[in-house]
Amino acid sequence: MAEKIVKIENGKLLVPDNPIIPFIEGDGIGPDIWKATRAVMDASVETTYHKKRRIEWKELLVGEKGFDKTGQWLSQEALNSIKSHVVAIKGPLTTPVGQGIRSLNVAIRQKLDLYACVRPVKYMSPVPSPMKHPEKIDMVIFRENTEDVYAGIEWAAGSNEAEKVISFLKHEMHADIPEHAGIGIKPMSQKNTRRLVARAISHAIENVYESVTLMHKGNIMKYTEGAFRNWGYETAADLFPDITITEAQLYEKYDGRRPEGKVIIKDRIADMIFQQVLLRPEEFGVIATPNLNGDYISDALSAQIGGLGMAPGANIGDDCAIFEATHGTAPKYAGLDKVNPGSLILSGAMMLDYMGWKEAAAAIRKALQAAIISGHVTYDLARQIKNATEVSCSRFGNEIIKLMKG
Ligand code: NAP
């Protein structure tokens, strides 16, 4: 059994040829897109490595299925299993209303300390895009996953807790706060910023991106977002002194021309970057940013490459990683075999890349692109592509497999 478990040793992933990989099917459209994804991933591994490699899938009961069968939305057993298997994949999960859990997705990220939410945004021709030159879009967002206003430290207006905090801020810190305000706290730390930015820079180096942009709102929130920016530059200088240069150095020392092999570290204010990624997307490679900014920019960028149906993602920590689509459970389409499985399929390709099975990942991307070129696509793409034929979620998955097998 032991030889089937993925391990991390000295920060390096060790993947056996027949690893056991846990999956969470997910709620709403989860079962439909997972079924298609699993079939595509199995086909890619089989056609690429024949009998030499195979994934052994292990289901974890989480979300509505978990609650129905075990009475628990998210058991400690499921969390332990993800941690001990190191790599996992999941469909979207409904946020249970009134169950004391704000969001299962946020809970999983926080409990497993999956501090980097990684969302690649790369255009795949001929997916319809509102951009004039979508082919210029090739970015990867590294969103901090554990801090910021997302940490869940907040109290309702008029609650005892909010009144206590307001009283402290007014009387001890001399802050001017409106009476009976709701209160939210935005923590940001050097430690958590450094590990996120270090991962973003490593990704840029390994995948030959020219720059890492620190996206922040530090002009206004100086001691949180501004500190994120400063700690980001410090991380580059401390951990990657030979391979990174700042944008200021680029102009002072190199006349604006990037020396071969160097990664440029720059920063941009959050509101302004939204227009720059539209007007000059080619200027951005890796973007590292706090939690809330990352949430906004990744959905906005996914619209530029074909929408949520084509937006993959991963939540990565030092001990384990979970791969998942950027979108949610789209409840109105649940069980209709209708939606685009592309986002979860591309998350599966990211997972294979992460495991070092890069040939299988490439086979998936190539066949997915070929399926879109063939014009047999799910409703979301069919409504944007002239003369396309709308097919179901499962049929789209089968098209990909057929094209992969040639
Ligand atoms: P959503 O599930 O992402 O769906 C919003 C819309 O996005 C859909 O109505 C559909 O647009 C489009 N869409 C989403 N997935 C698609 C796909 N695979 N193919 C094609 N189009 C797709 O957002 P929501 O309705 O706000 O959230 C529903 C539930 O999901 C909530 O309980 C929320 O908490 C949860 N959620 C979970 C995660 C996660 O598990 N990581 C993430 C976000 C939200 P059209 O209506 O235009 O067809």
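The text that follows walks through the structure, step by step, so that each part is easy to find.

So, how was this worked out
Residues numbered from 1 in each chain as written. Predicted model: local features only at pLDDT ≥ 70, side-chain atom pairs only at ≥ 80, totals over all residues. Heavy atoms only, no water. Helix = DSSP H or I, 4+ residues; strand = E, 2+ residues; numbered from the N terminus. Rg over C-alpha atoms; globule rule 2.2 N^0.38 Å. Areas by Shrake-Rupley, 256 points an atom, 1.4 Å probe, with all protein chains shown as cover. Lys, Arg positive; Asp, Glu negative; His and termini not counted. Charge placed at Lys NZ, Arg CZ, Asp CG, Glu CD. Phe/Tyr/Trp six-rings, centres within 6.5 Å; stacked < 30°, edge-to-face > 60°. Buried < 20%, exposed > 50% of the residue type's maximum accessible area, 1.4 Å probe, protein only. Lys NZ or Arg CZ within 6 Å of the ring centre and 35° of its normal. Expected span 1.5 Å × (residues − 1). Pairing = 2+ DSSP bridges. Polar contact = N/O pair within 3.5 Å; in protein donor to acceptor, adjacent residues only side chain to side chain. Contact = heavy atoms within 4.5 Å. Axes fitted to C-alpha atoms, helices over the stretch in contact; angles between N-to-C directions.

### Examining the overall build of the protein
Then, in step 1: If you tally the helices and strands in the protein, you get 14 helices and 17 strands.
Then, in step 2: Over its C-alpha atoms the protein spans a radius of gyration of 22 Å, differing by no more than 12% from the 22 Å that the globule rule assigns to 406 residues.
Then, in step 3: Its C-alpha atoms put the protein at 70 × 60 × 50 Å along the principal axes.
Then, in step 4: When the accessible surface of the protein is summed, it comes to about 19000 Å², and 52% of that surface belongs to carbon and sulfur atoms.
Then, in step 5: For the protein, the separation between the mean place of its 49 positive charges and that of its 50 negative charges on side chains is 5 Å.

### As for the packing of aromatic side chains
Then, in step 1: One pass over the structure, following the stated rule, counts seven aromatic pairs.
Then, in step 2: Taken together, a centroid distance of 4.8 Å and an interplanar angle of 20° make the contact between phenylalanine 23 and tryptophan 34 stacked. Placement of the pair is phenylalanine 23 in strand E3 (residues 20-24) and tryptophan 34 in helix H1 (residues 30-49), with a sequence separation of 11 residues. No difference in accessibility class separates phenylalanine 23 from tryptophan 34, as the two residues are buried.
Then, in step 3: An angle of 45° between the planes, with centres 5.0 Å apart, marks the rings of tyrosine 333 and tyrosine 379 as tilted. Linking tyrosine 333 in the loop between strand E15 (321-325) and helix H11 (342-354) with tyrosine 379 in helix H13 (residues 379-382), this pair joins segments that are 46 residues apart in sequence. Exposure class is identical for tyrosine 333 and tyrosine 379. Each is buried.
Then, in step 4: A network of ring pairs unites the aromatic residues Phe23, Trp34 and Trp57 as a single cluster.
Then, in step 5: The residue whose ring lies beneath lysine 266 is phenylalanine 284, and the NZ or CZ to ring-centre distance is 5.1 Å.

### Remarks on H1
Then, in step 1: With 20 residues, H1 ought to run about 28 Å at 1.5 Å a step, and its terminal C-alpha atoms sit 28 Å apart, in line with that.
Then, in step 2: Among the residues of H1, Gly30, Asp32, Ile33, Trp34, Ala36, Thr37, Val40, Met41, Ala43, Ser44, Val45 and Tyr49 are the ones counted as buried.
Then, in step 3: Positioned one or two residues after H1, histidine 50 has a phi angle of 55°, which is positive.

### A few points about the pairing of strand E5 (residues 87-90)
Then, in step 1: Where burial is concerned, the two faces of E5 agree: the one with Val87 and Ile89 and the one with Ala88 and Lys90 are both buried.
Then, in step 2: Alignment of E3 against E5, held across two bridges, turns out to be parallel. Bridging from a neighbouring strand, phenylalanine 23 pairs with isoleucine 89 of E5.
Then, in step 3: Judged from the four bridges that link them, E5 and E15 form a sheet pairing that is parallel. Bridge pairing in E15 places lysine 90 opposite glutamate 324.

### As for the side chain of arginine 268
Then, in step 1: For arginine 268, the location among the structural elements is in strand E12 (residues 263-269).
Then, in step 2: With a relative accessible area of 12%, arginine 268 lands in the buried category.
Then, in step 3: Reaching out from arginine 268, the side chain makes a polar contact with the side chain of glutamate 247 at a distance of 2.9 Å.
Then, in step 4: For arginine 268, the contacting residues outside a window of four places in its chain are Thr213, Leu214, Met215, His216, Glu247, Ile273, Gln276 and Phe284.

### Regarding the sheet that holds E12
Then, in step 1: Read from one edge of the open sheet, 11 strands run E4-E3-E5-E15-E14-E6-E7-E13-E10-E12-E11, paired in mixed fashion. With partners counted over all chains shown, the strands left at the sheet margins are strand E4 (56-59) and strand E11 (244-246), one partner each. With strand direction ignored, the average angle separating the axes of adjacent strands in the sheet is 25°.
Then, in step 2: Pairing analysis gives three bridges linking E11 to E12, with the strands arranged parallel. Residue pairing in the sheet places threonine 244 in a bridge with valine 263 of E12.
Then, in step 3: Contacting strand E6 (116-122), strand E7 (138-144), strand E10 (211-216), E11, E12, strand E13 (286-289) and strand E14 (312-316), helix H6 (residues 190-206) runs over the sheet at an angle of about 160° to E7.
Then, in step 4: The sheet contacts of helix H10 (residues 291-304) involve E6, E7, E10 and E13, and relative to E7 the element is tilted by about 155°.

Read these as spatial facts, not as claims about activity.
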